[in-house]
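# Summary of structural features
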Amino acid sequence: HVQLVESGGGLVQAGGSLRLSCAASGRSFSSYAMGWFRQAPGKEREFVAAISASGDVTQYQDSVKGRFTIARINAWNTVRLQMNSLKPEDTAVYYCAAGLMTTIKADDRGYDYWGQGTQVTVSS
């Protein structure tokens, strides 16, 4: 059983940066692949980024490549999403997710645990 809590959201101007964190509880954090998803008003939830349990493989949505970086700190049961060069279209509620899977996935299949979400608003 894994519980996830996101933090770090807020209001930022276009071109600015935010760092989101996801704190996980549970005994086997290092066994889980971790992902970030987001949902904007009136839109479907979409994949943002993921990192494998080992940390050796990452995947990003095309629109955030080069701007966002996902990383994990297993010693602190934490996953971070560094977001740079933010755009108004990045505005959404961001969710952290965890799942046991051999290969990370760019959809919500295989992610069994979800956080409550944190709001990111980018103004222009």
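First, a word on scope: everything that follows refers to the structure included in this document. Since this is a predicted model, take the numbers as computed values, not measurements. (Residues numbered from 1 in each chain as written. Predicted model: local features only at pLDDT ≥ 70, side-chain atom pairs only at ≥ 80, totals over all residues. Heavy atoms only, no water.)

### Regarding the overall build of the protein chain
To keep it simple, the criterion reads: Secondary structure elements are taken from DSSP: a helix is a run of H or I of four residues or more, a strand is a run of E of two residues or more, and numbering for both begins at the N terminus. In this description the radius of gyration comes from C-alpha coordinates, and the expected globular size is given by 2.2 Å times residues to the power 0.38. Using a 1.4 Å probe on the protein chains alone, a residue whose accessible area is under 20% of its type maximum counts as buried, one over 50% counts as exposed, and one in between counts as partly exposed. Note on definitions: a residue-residue contact is assigned when non-hydrogen atoms from the two residues lie within 4.5 Å. Only the protein chains shown count as cover for residues, and the accessible areas themselves come from Shrake-Rupley with a 1.4 Å probe.
Within the protein chain, the secondary structure is distributed over 0 helices and 11 strands. For the protein chain, the N- to C-terminal ordering of α and β elements is β-β-β-β-β-β-β-β-β-β-β. Computed over the C-alpha atoms, the radius of gyration of the protein chain is 13 Å, within 12% of the 14 Å expected from 2.2 N^0.38 for a compact globule of 124 residues. Over its C-alpha atoms, taken along the principal directions, the protein chain stretches across nearly 40 × 25 × 25 Å. Looking at the protein chain as a whole, 42% of its 124 residues qualify as buried. Residue pairs at least 24 apart in sequence account for 58% of intrachain contacts in the protein chain once pairs closer than 6 positions are excluded. Summing over all exposed atoms, the protein chain offers an accessible surface of approximately 6500 Å²; the carbon and sulfur share of this is 46%.

### Quick notes on the pairing of strand β4 (residues 33–39)
Stated formally: Only strands that DSSP links by at least two bridges are regarded as paired with each other.
Burial analysis of β4 places 6 of its 7 residues in the buried class, which makes it a mostly covered element. Here 7 bridges tie β4 to strand β9 (residues 92–99), and the two strands are oriented antiparallel to one another. Counted as the bridge partner of Ala 33 is Gly 99 from β9. Sheet analysis places β4 next to strand β5 (residues 46–51), joined by 5 bridges and oriented antiparallel. Note that in β5 the partner of Met 34 across the bridge is Ile 51.

### Points about the pattern of salt bridges
Here is the rule: We define a salt bridge as a contact between a side-chain nitrogen of Lys or Arg and a carboxyl oxygen of Asp or Glu at a distance within 4 Å.
Counted under the stated rule, the structure contains 5 salt bridges. A salt bridge links Asp 62 to Lys 65; the shortest N-O distance between them is 3.0 Å. The partner of Asp 90 in a salt bridge is Arg 67, and the shortest N-O contact between them spans 2.8 Å. Linking Asp 90 in the loop between β8 (78–83) and β9 with Arg 67 in the loop between β6 (58–60) and β7 (68–73), this pair joins segments that are 23 residues apart in sequence. Salt bridges sharing common partners tie together Arg 38, Glu 46, Arg 67 and Asp 90.

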